[in-house]
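Residue strings, one per chain:
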Amino acid sequence: MICPDHGVIWRKDPAIIINAYAKWSSQKPEKKAVVVYDTMWHSTETMAEAIVHGIVDEGVIARPIHIRSSHRSEIMTEVLDAAAVIVGSPTLNNQLFPTVSDFLTYMKGLKPKNKIGAAFGSYGWSGESVKLINQELEAMKFDIIDPGIKIQYVPDQDGKDSCFEFGRKIGKAIKTVS
Ligand SMILES: Cc1cc2nc3c(=O)[nH]c(=O)nc-3n(C[C@H](O)[C@H](O)[C@H](O)COP(=O)(O)O)c2cc1C
């Protein structure tokens, strides 16, 4: 029987939990990326979609996750075995969008290991979000494989192409992870 400090008591075969715990705690990265973002007017979302297309073009599994449509525990379930976590935020009052800060704080507390990281976001005039995301990912010792990509207001075709190429670069980096 498994009786954790908090949470449910597991009375069936304990090996199911012990084996799952061993897998989760090893944090062995799968060849997979999650692109976690929030957006006010869909520009950062458009970037996220183009980045995912670029990663998938390299034959790597990737999915966009809109923060406000998902519980942070569900996002972390996806992050757990991902080789790369790509984080996007618009700039709001010279800061990150608050839900992105919330996610980064939660992720930092769970001490993810062995991750590739990169940042992106749409902005209007000052554009601090990419720099702020990079600082957080660096604090988590992510391998930042690109300075990140920021686009002023709505991405045009050139902007979307840049995001696609950014995604391909991430996909290529994931393929080198052993
Ligand atoms: C309330 C508000 C505050 C903003 N503050 C900033 C800012 O401080 N610096 C900046 O570069 N852009 C700022 N912007 C502009 C947004 O970053 C820009 O519109 C961006 O394209 C939004 O991306 P999204 O469509 O992904 O939400 C602000 C926008 C709003 C609505």
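Along each chain, residue indices are assigned from 1 in the same order as the chain's sequence is written. Confidence filtering applies because this is a predicted model: local features only for residues at pLDDT of at least 70, side-chain atom pairs given and counted only at 80 or more, and all residues used for totals across whole chains, interfaces and linings. Side-chain numbers come from the whole structure's heavy atoms, not from hydrogens or water.

A. Representation of the nonpolar core. Counting 26 residues, the largest nonpolar core has F120 and I170 as its most contacted members. Every element with two or more residues in this core is listed here: β1 (30-37), α2 (43-57), β3 (82-88), β6 (116-123), β8 (149-152) and α6 (157-175). Counting residues per element, this core draws most heavily on α2, which supplies six residues. Side-chain atoms within 4.5 Å link the members of a nonpolar core, which is a set of buried Ala, Val, Leu, Ile, Met, Phe, Trp, Tyr and Cys residues. Only protein chains enter the accessibility calculation, which uses a 1.4 Å probe; a residue whose area is less than 20% of its type maximum is buried, one above 50% is exposed, and one in between is partly exposed. The helix count covers DSSP runs of H or I at least four residues long, the strand count covers runs of E at least two residues long, and both are numbered beginning at the N terminus.

B. Geometry of the site of the ligand. We call a residue near a molecule or strand whenever a single non-hydrogen atom of that residue lies within 4 Å of it. Residues in close proximity to the ligand total 18 residues, the closest being T39, M40, T44, N94 and S122. Contact between the ligand and M40: an oxygen atom at 2.5 Å from a main-chain N or O atom of the residue. By the criterion applied in these results, polar contacts are pairs of N or O atoms within 3.5 Å in which, for protein atoms, one can donate a hydrogen and the other can accept it, and in which residues neighboring in sequence qualify only through two side-chain atoms. Between an oxygen atom of the ligand and a main-chain N or O atom of G127, the distance comes to 2.9 Å. Taking 640 Å² as the accessible area of the ligand by itself, protein coverage stands at 84%. At the level of elements, α2, β4 (91-92) and β6 are the ones that each hand at least two residues to the shell around the ligand. When residues are sorted by character, Ala, Val, Leu, Ile, Met, Phe, Trp, Tyr, Cys and Pro go into the nonpolar class, Asp, Glu, Lys and Arg into the charged class, and all the rest, Gly among them, into the polar class. In terms of residue class, the shell around the ligand is built from seven nonpolar, 11 polar and no charged. All accessible-area figures derive from a Shrake-Rupley calculation using a 1.4 Å probe, and residue coverage is judged against the displayed protein chains alone.

C. Highlighting the side chain of Q27. Tracing the chain through its elements places Q27 in the loop between α1 (14-26) and β1. Exposure remark for Q27: the relative accessible area of 11% places this residue in the buried category. Residue contacts are counted whenever heavy atoms from the two residues lie within 4.5 Å of one another. When near neighbours in sequence (up to four residues on either side) are disregarded, Q27 contacts L110, K111, P112, K113 and N114.

D. Focus on the pattern of salt bridges. In what follows, salt bridge is the name for a side-chain nitrogen of Lys or Arg lying within 4 Å of a carboxyl oxygen of Asp or Glu. Under the criterion given, the structure shown has 12 salt bridges. With a closest N to O distance of 3.1 Å, K32 and E78 form a salt bridge. Of the two residues, K32 sits in strand β1 while E78 sits in helix α3 (residues 72-80), which places them 46 residues apart along the sequence. With a relative accessible area of 13%, K32 lands in the buried category. Among the salt bridges present, the one from R63 reaches E78, with a minimum N-O distance of 3.5 Å. In this pair, R63 sits in strand β2 (residues 61-66) while E78 sits in helix α3, placing the two residues 15 residues apart along the sequence. Connected via shared salt-bridge partners are D57, E58, E165, R168, K172 and K175.

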